Structure formats: C-alpha cells, structure tokens
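Residue-level structural notes
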Amino acid sequence: MASTRPIPAWRNLTALAICLSATAAEVQAQAAPLLAERAPRTQSVQVHEPFGPGDTIADILTRPEFAGYARRLLPWADRAYDGDMPITRMARLLPYHSEVRSDVVLAGLNRILAAQQSGVPVFRDIYTKTERNEVPSLNEAGLFFFPGQPGAPFALIAPGGGFSYVGSVHEGFPYAMALADQGFNAFVVTYRTGQGGRVATSDMARAVDVIMDNADELDVAREGYSVWGSSAGARMAAFIGSHGPDGFGARTTQRPAAVVMAYTSHSDLGDHEPPTYAIVGARDGIAPPGNMRPRVEALRAMGIDVEFHIVPDAAHGFGAGQGTRADGWITEAAAFWQRHLPEGVLRPMEDGR
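Residues numbered from 1 in each chain as written. Predicted model: local features only at pLDDT ≥ 70, side-chain atom pairs only at ≥ 80, totals over all residues. Heavy atoms only, no water.

**A closer look at the pattern of salt bridges**
For clarity, the threshold we go by: Should a side-chain nitrogen of Lys or Arg be within 4 Å of a carboxyl oxygen of Asp or Glu, the pair is scored as a salt bridge. Here a helix means four or more residues in a row that DSSP labels H or I, a strand means two or more in a row labelled E, and each is numbered from the N terminus. Relative accessibility under 20% of the residue-type maximum defines a buried residue, over 50% an exposed one, and the middle range a partly exposed one, all with a 1.4 Å probe and only protein chains included.
Scanning the entire structure with this criterion turns up 14 salt bridges. Across the salt bridge formed by aspartate 125 and arginine 72, the nearest N and O atoms sit 2.7 Å from each other. Highlighted residues: aspartate 125 in the loop between strand 1 (123-124) and helix 5 (129-134) and arginine 72 in the loop between helix 3 (57-61) and helix 4 (102-117), separated in sequence by 53 residues. On the basis of relative accessibility, which here comes to 27%, the residue aspartate 125 falls in the partly exposed class. Between aspartate 203 and arginine 192 there is a salt bridge, with the nearest N and O atoms lying 2.8 Å from each other. You can see aspartate 203 sitting in helix 8 (residues 197-213) and its partner arginine 192 sitting in the loop between strand 4 (185-190) and helix 8, a full eleven residues away along the chain.

Structure follows, in structure tokens:
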C-alpha cells in the first residue's frame, strides 16, 4: 500500500533513480538541473564536482558534504590513513574481499554526495550523544540512507570485513544503490569492529529501532523489512532473522520478512526462521559452499523457503558481482524478498520500477 502522507521536501529534491552504470560526471549532470528546478525558492542548491579516479582518501575525509561522517564511509575505524592513497586503490583497504572495482566505489561515493547535496537525510548516528560520550566506540556505528519509492519497505544491509573493518564501499553502498534503483528503501549500517559478532549485531538491532522510530519522517514502510549481509555482515543479518532485533537489545520485536546472506559459514538457527536467500562463490576459500549447505538444508527441513546459489569461478567477497558471473544477484534476491512481503505492503518491482 503506497504512503498517503505528504512526500517530504527532501524527496522532491532528489534526482530520479541514478543508475550504477552512469559515470560520476553523468550522475552530476543529470542531477543538477532537476535539483535546481525542484529546490524551494529560498534554498540554493550547489552541485560540486564529483569524485573521480584522481581523487584520494584525503579528498573523502575533507569533503565538506561528508562532515560528521566521512570516516564511516571508509573501512577501518582506527586506522591512520595514507591521505595520498588514490580512491582507485581502495582494494588495498579490503583484504577479505575480491572484485573490488574503483568504478563501483566511486559510484557509491558520488551517489551519497549527490544525495547529500540534494537535501536527503543521508546519515544519522544510531546512538545518542550521551551514549557516545560514555562509550567512545559507539561513534563507529551509524546509518546511511538510500531512498527508493516513498512508502516502500526497507532493506537493512550489514557489510562484511571479518568484524575488523566495515566494507561499505564494496558490499554496502552498491547493494543499497541497486535496491533503491528498484524502488526499495535501503539502509547501510556501520558497526563497532574488533569486539566480535554479538556487539556488531547489537548495533544492527539498534539500527532497526532507529528506522522504525523514524519511519514516518523517512517515508518507509515498517512492515516487510529485510536484512542483508555479506561475510561477517551475513552472520549479523542471520542472527537478526533467527532471534529478532529484541534478541540483541532492541525494542523492536518484529522479525524481518526475509534474510539475504552472502558467503558466510554461519550455522546458528532459531526456532522460527524467515525465508532466506543465500549465495556463495564456488572458489570461496573462507566460507566454501560446503560450509553454507548444512544450514540451507536445515532451513529447508524446517519448511523454510530457501533459495541457494553457488556462483562458478567466484571467490570470497565478490560484493554485488559486477563483471563476474554473480552480476545481477541483488535483483534476484530483491525479487525473492518481494515474494515474501506481507499483504498490503507496496511492491516496487511490480510497479514498473
């Protein structure tokens, strides 16, 4: 059911869906006229130069639009970055991942940049200032928003990184962009690292509370949400599916309509499991298909709908899979999720998106 609330002003300022295939320059060129046309008369919209292959880590950290959250765009919470490192060498910061493409990284950064410039509430902390002052590591946690169709359900995405870093630029922002382009609302959670899976999952659970509390403002449906994760993030998503957000300290008891998990050896099961989409590369040496299959078969034995894919020639951490045989799996997983949405919830992929 589509939302009947007035569309927030920031949604009217947002450019029409920005395709992953567009270059950074095309993104800005497409966005600028629309932003200028839709901006309130009292608001001046400035569209600055997008990121390009010649830009560096320092350019990300000092970009004024990213003030307050720039470090959370990057993988490592406590690293003293080499500011001169080109963005095109981002793969060096993601040791557990493969197929890290600089064009995909740049597309994600420029998508966030364009959204920020158009007034979208791109980022929010998930813990209060008091909580963050008392526990400084909570400053690692936060939530990035990629808006889709007003009133559509949301996906909450947890990137991986072995609980040592958060690979949002590779398997967070690209997933969210693909889902938003299909009409779904999408969020990417950054979480505390170096403290294990339960602490990280409690941050994801807190993110569910934050989205639910602000669903009207964000114009997203509370019903039918999904949780997505890759590698360590897939463990987090599966934990939320198995035990609910409240099992990790959240107030929300509502379970997700679907779990989407990529390349993990997670084996935990709850008494009541949601429909699950799982994918892994045939050449994954960290979480081989044989490690994923037992949980898949256990879910099927419980009567749970499971879709399981093994991608030929793919290694661990292939992300959205652009340029590999995994390319397109995000759309397939979104269709799986949509099939399990509760009655009355808006289905973006059936509306010509």
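**Re the packing of helix 4 against helix 7 (residues 173-181)**
To keep it simple, the criterion reads: Each axis is a line fitted through C-alpha atoms, taken for helices only over the stretch in contact, and angles between the N-to-C directions span 0 to 180 degrees. Take the far helix as your reference; a near helix turned counterclockwise from it by less than a right angle gives a left-handed crossing, and one turned clockwise gives a right-handed crossing. By definition, residues are in contact when any of their heavy atoms lie within 4.5 Å. Basically, the charged four are Asp, Glu, Lys and Arg, the nonpolar ten are Ala, Val, Leu, Ile, Met, Phe, Trp, Tyr, Cys and Pro, and anything else, Gly included, counts as polar.
At a minimum axis distance of 9 Å, the contact between helix 4 and helix 7 shows a crossing angle of 60°. For the pair helix 4 and helix 7, the sense of crossing is left-handed. Note on element contacts: helix 7 touches helix 4 through Phe173, Pro174, Met177, Ala180 and Asp181, opposite Val104, Ala107, Gly108, Arg111 and Ile112. Of the residues belonging to the contact of helix 4 with helix 7, the class tally is seven nonpolar, one polar and two charged.

**What about the environment of valine 260?**
You can see valine 260 is positioned in strand 6 (residues 258-262). As for valine 260 and glycine 229, which are separated by 31 residues in sequence, their C-alpha atoms are 6.4 Å apart.

**So, the sheet that holds strand 2 (residues 142-146)**
Using the following cut-off: A pair of strands is labelled paired if DSSP reports no fewer than 2 bridges between them.
Overall, mixed pairing links the eight strands, which are arranged 1-2-4-3-5-6-7-8 in an open sheet. Both outer strands of the open sheet, strand 1 and strand 8 (306-311), are each paired with one neighbouring strand and no more. The pairing of strand 3 (residues 154-158) with strand 4 spans four bridges and is parallel. Bridge pairing in strand 4 links alanine 155 to alanine 186.

**Side note on the nonpolar core**
Generally speaking, nonpolar side chains in soluble globular proteins are found buried as a group. What counts is decided by this rule: By nonpolar core is meant a set of buried Ala, Val, Leu, Ile, Met, Phe, Trp, Tyr and Cys residues that side-chain atoms within 4.5 Å join together.
The biggest cluster of nonpolar side chains holds 108 residues, and the ones touching the most others in it are Leu156, Trp228 and Trp329. Looking at this core element by element, the count peaks at eight residues for helix 8. Leaving out residues up to four positions away in the same chain, leucine 156 has contacts with Leu143, Phe187, Val189, Met204, Ala207, Val208, Ile211, Ser226, Val227 and Trp228.

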